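Okay, here's what each chain looks like letter by letter:
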Amino acid sequence: VDTRNGTVVGAEALVRWQHPEKGMIPPFRFIPLLEEMGFIGALGEWVLREACWQMKAFEARGVKLPKVAVNVSALQFNPAFIRSVKGVLQETGLAPSKLELELTEGVVMGDAHGTIRALAELKDMGVSLSIDDFGTGYSSLSYLSKLPFHSIKIDRAFVSDAHLKPRKSAMLRSIVDMIHTMGMETVAEGAESDEEVKLLLQLGVNKVQGYVFAKPMLA
């Protein structure tokens, strides 16, 4: 949600496993297994394709959703992935400007030159790029400032109850100011109360997502 006018400016595609016996299995349980078994690339491409087709279905129904964000695993980010993004966009006919890829700090701190080339290629396609869960890794800020990211998503660990904790609020303010100084947009994750949203507005955060607006739901 855009903090300036309250409009919905995007959605994040989340994968869940509805098991016939065990019920809903969250991604923190099955994603590490898929990465370990070498299946994360196949799942990642499936999620990317489904998200793009869903955006086209929304368009056909007149649902105005500017952008869908898809998470990218560190193990998935390679030259083959860049080709699959290009292929999926061609296959579905989705405008590249309607796709955002979310990468963790671990992805961007890998092979520096290869990462910069790959990110530049994605940006040239017209795809938006953002860093997910910012603050939970060990990013070099000087390195991040050189990369073609449009936005940085601040991890919910910094957002949760920040209005009740002055030190956390001060840290959040510093993070927001720093990201803006680098010329990028801020997206606060995991907002669950009106009080948290009010603080984020005061701090000048550009966009907010979280249960305060909507819980994960079917398309």
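Structure: above.
All values reported here derive from a predicted model rather than from experimental measurement.

*Asks:* Any chance you could explain a nonpolar patch on the surface here in plain terms?
*Replies:* Residues Leu 33, Met 37 and Phe 39 make up a contiguous nonpolar surface patch of roughly 320 Å² in combined accessible area. As for its position among the elements, Met 37 is in helix α1 (residues 27–37). Residue Met 37 is classed as exposed on the basis of its relative accessible area, which comes to 52%.

*Asks:* I'm lost on helix α9 (residues 194–202) in this one. Help?
*Replies:* One turn of an α-helix holds 3.6 residues; hence residues three or four places apart share an orientation. Here α9 has its buried residues at Glu 196, Val 197, Leu 199 and Leu 200. The arc enclosing the buried residues of α9, seen along the axis, measures out at 160°, which places them on a common side. Those residues of α9 that are exposed and aimed more than 90 degrees away from the buried face are Asp 194, Lys 198 and Gln 202. Among the structural elements, α7 (156–159), α8 (166–181), β8 (185–188) and β9 (207–208) are those in contact with the buried residues of α9. Where α9 ends, the next residue or the one after it, Gly 204, has phi of about 85°, a positive value.

*Asks:* Help me understand the packing of aromatic side chains in this model?
*Replies:* Applying the stated criterion to the full structure yields 2 aromatic pairs. For the pair Trp 17 and Phe 30, a centre-to-centre distance of 6.0 Å together with 85° between the ring planes defines the contact as edge-to-face. You can see Trp 17 sitting in strand β2 (residues 17–19) and its partner Phe 30 sitting in helix α1, a full 13 residues away along the chain. In this structure Trp 17 comes out as partly exposed when scored by relative accessible area, which is 41%. Relative to Phe 81, the ring of Phe 77 has its centre 6.1 Å away and its plane inclined at 50°; by these criteria the two rings are tilted.

*Asks:* Looking at this structure, how should I read the pattern of salt bridges?
*Replies:* Opposite charge on two side chains permits them to pair, given that their charged atoms come into close proximity. Applying the stated rule across the entire model yields 11 salt bridges. In this structure, Glu 59 engages Lys 98 in a salt bridge whose closest nitrogen and oxygen atoms are separated by 2.9 Å. Of this pair, Glu 59 sits in helix α2 (residues 40–60) while Lys 98 sits in the loop between α3 (79–92) and β5 (99–104), and the two are 39 residues apart along the sequence. Across the pair Glu 121 and Lys 86 runs a salt bridge whose closest N-O atoms are separated by 3.7 Å. Taken together, the positions of Glu 121 in helix α5 (residues 112–125) and Lys 86 in helix α3 put the pair 35 residues apart, joining distant regions of the chain. We classify Glu 121 as partly exposed; its relative accessible area is 36%. In this structure, a network of salt bridges that share partners links the residues Glu 12, Glu 102, Lys 153 and Glu 189.

*Asks:* Just to check I follow, could you spell out the pairing of β5 for this structure?
*Replies:* Two faces make up the sheet, and in a regular strand the side chains alternate between them. Judged by how many residues are buried, β5 sits mostly within the fold: 5 of 6 residues are covered. Between the parallel elements strand β4 (residues 68–72) and β5, the chain passes through α3 in a crossover that is right-handed. Across 5 bridges, the pairing between β5 and strand β6 (residues 128–134) is parallel. In the strand pairing of β6, Glu 100 is matched with Ser 128.

*Asks:* Mind showing me how you'd approach the nonpolar core here?
*Replies:* Nonpolar side chains in soluble globular proteins generally cluster together in the buried interior. Among the nonpolar cores identified, the biggest contains 56 residues, and Phe 77, Val 85, Leu 99, Leu 101 and Leu 103 are the most heavily contacted of them. For this core, the element with the most residues is α2, which contributes 8 residues. Ignoring sequence-local partners within four residues, the contact set of Leu 103 consists of Val 72, Phe 77, Leu 119, Leu 129, Ser 130, Ile 131, Asp 132 and Phe 149.

*Asks:* Help me understand the packing of α2 against α3, please; the structure alone is not making it clear to me.
*Replies:* When two helices pack together, their arrangement is captured by the angle between the axes and the distance separating the axes. Close contact between α2 and α3 brings their axes to 10 Å; oriented N to C, the two are set at 30°. Taken together, α2 and α3 sit at an angle that is classed as roughly parallel. For the pair α2 and α3, the sense of crossing is right-handed. Contacts between α2 and α3 pair Glu 45, Leu 48, Arg 49, Cys 52, Trp 53 and Lys 56 from the former with Ser 84, Val 85, Val 88, Leu 89, Glu 91 and Thr 92 from the latter. Its residues assigned to classes, the contact of α2 with α3 shows 6 nonpolar, 2 polar and 4 charged.

About the cut-offs
Residues numbered from 1 in each chain as written. Predicted model: local features only at pLDDT ≥ 70, side-chain atom pairs only at ≥ 80, totals over all residues. Heavy atoms only, no water. Patch = residues over 30% accessible without salt bridge, like charges linked within 9 Å, V, L, I, M, F, W, Y side chains within 5 Å. Areas by Shrake-Rupley, 256 points an atom, 1.4 Å probe, with all protein chains shown as cover. Salt bridge = Lys/Arg side-chain N within 4 Å of Asp/Glu carboxyl O. Helix = DSSP H or I, 4+ residues; strand = E, 2+ residues; numbered from the N terminus. Buried < 20%, exposed > 50% of the residue type's maximum accessible area, 1.4 Å probe, protein only. Arc of directions from axis to C-beta. Contact = heavy atoms within 4.5 Å. Phe/Tyr/Trp six-rings, centres within 6.5 Å; stacked < 30°, edge-to-face > 60°. Right-handed = clockwise from strand over helix to strand, strands pointing away. Pairing = 2+ DSSP bridges. Core = buried A, V, L, I, M, F, W, Y, C linked by side-chain atoms within 4.5 Å. Axes fitted to C-alpha atoms, helices over the stretch in contact; angles between N-to-C directions. Parallel < 35°, antiparallel > 145°, perpendicular 65-115°, else oblique. Left-handed = near helix turned anticlockwise from the far one by under 90°. Nonpolar A, V, L, I, M, F, W, Y, C, P; charged D, E, K, R; others polar.

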